[in-house]
Amino acid sequence: MGTLGPVGRSAAIIVLAVSGAVAAFATIAPSADNEVLLSRTSSVETLDIPAEALLTSPESYIREERFQRGDTIAAFLSRLGIAAEYAEKLARTRALQSLRTGYHVTAEVDADGQPIALSFLTGRDTLVQIAPEGNGFRATEERAALYTQVAMKSGVIRSSLFAASDAAGIPDSVAMQLADIFGGDVDFHRDLRKGDQFAVVYELHHLAGRPVRAGRVLAAEFVSQGKAYRAVHFGNGYYAPDGKNLRKAFLRSPLEFSRVSSGFGMRMHPIARAWRAHKGIDYAAPTGTRVRAVGDAVVDYAGPRGGYGNVVILRHHGQYTTVYAHLSRIAVRRGARVTQNDTIGFVGKTGWATGPHLHYEFRIAGEARNPFSIAMPAALPVAAQDLPAFRAHAAPLVTRLDLLANSNLALLE
Ligand SMILES: [Zn+2]
């Protein structure tokens, strides 16, 4: 598959008008990877791919990574999954020498770590594309004329959210938005189960017929342990189809969800103890994983304290406090104000800890409580005067989620 994007993987591609009736399209073959692209044209076409092509495991995968401050090109290429022998050669190309902090590089890499194609948009809105040629690589740079389409994807969790999104051809940035959007209802470190499903409608920025970068999630569904949550983007936030705000006063998980932290807990499972005896929740995660404030708060304590090691205690509105222990490093000072999702420290193993993990406590009036048994208050719903506009905006997106949910059901049968 020589394409840079998910288009080449899809079993069926249906193009229809954005404004057109969704009911206009034909049956979609059951597949893990159904995709509907919406564009401004009104023609309908289906690409038939032989059934056996759907049964083989992917021969390549697509990863998108951000070039970060302090990155070496070699280390960056290895993060993209490119084997050292190819990375060494690639790092010497002039095209990659032009990488700057913040550039997003998309790479299609085969199972052996051999790059099939790399591309990135420069700050000058040109697109650099690199592909193998002979013994080396060939690079081209051209003016980027981006346009945005709407992509729809669905997946079923077998091991982790990232494994599922890889399998469905969903970029990391979209998977992480999903974890953010549903972060008030689902703890993506603890709650994921085999068979959980998701569907997502998102912007996909294209260049010359190929997707180059994902944009914002427009609507999504996540089915966690049989319970379905739906979100529609509207204004500055995400709302359930009935207009309720998905943002909660407290996030379900104090750990940022990332490719590195996802699945770590399962490998480190022995550290998990019953909540009842232990009055807290332990999250096994690599040292240095970002720990975030679960809600708006004032820092009540930040420093070492006995068996807790380096600990941060946050005082939230009402009678709520949260405790984050065994930190390797603390990022806030006593008395400081923090807002939900702010970094307060990093996972470590200070104090009485046998390995790197976060010990997290949720207290009400000083009493440790199991946060998973408490219904969290939500932020404000869509204002009454905006409801008609919200409903009109949400209806076609919800229809698309229905369609994706049906294709998932077909897959499970
Ligand atoms: Zn603990």
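Our structure is the block above this text.
Values in this document were obtained by computation on a predicted structure and should not be read as measured data.

## Concerning the overall build of the chain
- The helix and strand inventory of the chain stands at 9 helices and 22 strands.
- A total of 413 residues make up the chain; the buried ones form 53% of that total.
- For the chain, the proportion of contacts with a sequence separation of at least 24, taken over those separated by at least 6, is 65%.
- When the accessible surface of the chain is summed, it comes to about 19700 Å², and 52% of that surface belongs to carbon and sulfur atoms.

## Quick look at helix α5 (residues 161–168)
- Burial analysis of α5 places 6 of its 8 residues in the buried class, which makes it a mostly covered element.
- By the burial criterion, the buried members of α5 are L161, F162, A164, S165, D166 and A168.
- Looking one or two residues past α5, G169 carries a phi angle of roughly 75°, positive in sign.

## Let's talk about the side chain of T122
- Relative to the helices and strands, T122 resides in the loop between β5 (115–121) and β6 (126–133).
- Apart from residues no more than four positions distant in its own chain, T122 is found in contact with Y103, V128 and E141.

## Describing the packing of α5 against helix α6 (residues 172–181)
- As a packed pair, α5 and α6 sit with axes 10 Å apart at the nearest point and diverge in direction by 135°. As far as their axial angle goes, α6 and α5 are oblique. Crossing of α5 against α6: the hand is right-handed. In this structure, α5 contributes L161, F162, S165 and D166 to the contact, and α6 contributes D172, A175 and M176.

## As for the sheet that holds strand β18 (residues 329–330)
- Ordered by their spatial adjacency, 3 strands build an open sheet running β14-β20-β18, and the pairing between neighbours is antiparallel. What marks the edges here is a single partner per strand, and that holds for β14 (290–292) and β18.
- Pairing of β18 with strand β20 (residues 343–346), which is carried by 2 bridges, proceeds in the antiparallel orientation. From the neighbouring strand, I330 faces β20, where its bridge partner is G345.

## Details of the sheet that holds β6
- Spatial strand order, β3-β4-β5-β6-β7: 5 strands in an open sheet with antiparallel pairing. Pairing within the sheet leaves two strands with one partner each, and these edge strands are β3 (60–66) and β7 (136–143). Averaged over all adjacent pairs, the angle separating strand axes in this sheet is 15°, with direction ignored.
- Where β3 and strand β4 (residues 104–110) come together, 7 bridges link them in antiparallel fashion. Its bridge partner lying in β4, R63 is registered against A107.

## Some details on the packing of aromatic side chains
- Across all of its chains, the model carries 14 aromatic pairs by this definition.
- Between F182 and F222, the aromatic rings sit 6.1 Å apart at their centres with planes inclined by 50°, giving tilted as the arrangement. A residue pair is termed long-range when its members are at least 10 positions apart, and F182 in the loop between α6 and β9 (197–207) and F222 in strand β10 (residues 210–224) qualify at 40 residues. There is no split in this pair, since F182 and F222 are both buried.
- Each ring, one from F250 and one from F362, has its centre 5.2 Å from the other, and the planes form 85°; the classification is edge-to-face. Of this pair, F250 sits in the loop between β12 (237–239) and α7 (264–267) while F362 is found in strand β21 (residues 357–364), placing the two residues 112 residues apart along the sequence.
- According to the relative accessible area criterion, F362 is buried, its value standing at 1%.
- Here the aromatic residues F162, F182, F188, F198, F222 and F257 are joined through ring pairs into a cluster of three or more.
- Note that R190 overlies the ring of Y283, its terminal NZ or CZ placed 5.9 Å from the centroid.
- Sitting above the plane of the Y301 ring, R305 keeps its charged end 4.1 Å from the centroid.

## Things to note about the pattern of salt bridges
- One pass over the full model with this rule turns up 12 salt bridges.
- A salt bridge links R138 to E133, with the shortest nitrogen-to-oxygen separation between them at 2.9 Å.
- Judged by relative accessible area, R138 falls into the partly exposed class, the value being 38%.
- Between R315 and D300 there is a salt bridge, with the nearest N and O atoms lying 3.2 Å from each other. Residue R315 is located in strand β16 (residues 310–315), and its partner D300 is located in strand β15 (residues 297–304); the two are separated by 15 residues in the primary sequence.
- The exposure class of D300 is partly exposed, given its relative accessible area of 28%.
- Shared partners join several salt bridges into a network, and the residues in it are E65, D71 and R79.

Criteria and cut-off values
Residues numbered from 1 in each chain as written. Predicted model: local features only at pLDDT ≥ 70, side-chain atom pairs only at ≥ 80, totals over all residues. Heavy atoms only, no water. Helix = DSSP H or I, 4+ residues; strand = E, 2+ residues; numbered from the N terminus. Buried < 20%, exposed > 50% of the residue type's maximum accessible area, 1.4 Å probe, protein only. Contact = heavy atoms within 4.5 Å. Areas by Shrake-Rupley, 256 points an atom, 1.4 Å probe, with all protein chains shown as cover. Axes fitted to C-alpha atoms, helices over the stretch in contact; angles between N-to-C directions. Parallel < 35°, antiparallel > 145°, perpendicular 65-115°, else oblique. Left-handed = near helix turned anticlockwise from the far one by under 90°. Pairing = 2+ DSSP bridges. Phe/Tyr/Trp six-rings, centres within 6.5 Å; stacked < 30°, edge-to-face > 60°. Lys NZ or Arg CZ within 6 Å of the ring centre and 35° of its normal. Salt bridge = Lys/Arg side-chain N within 4 Å of Asp/Glu carboxyl O.

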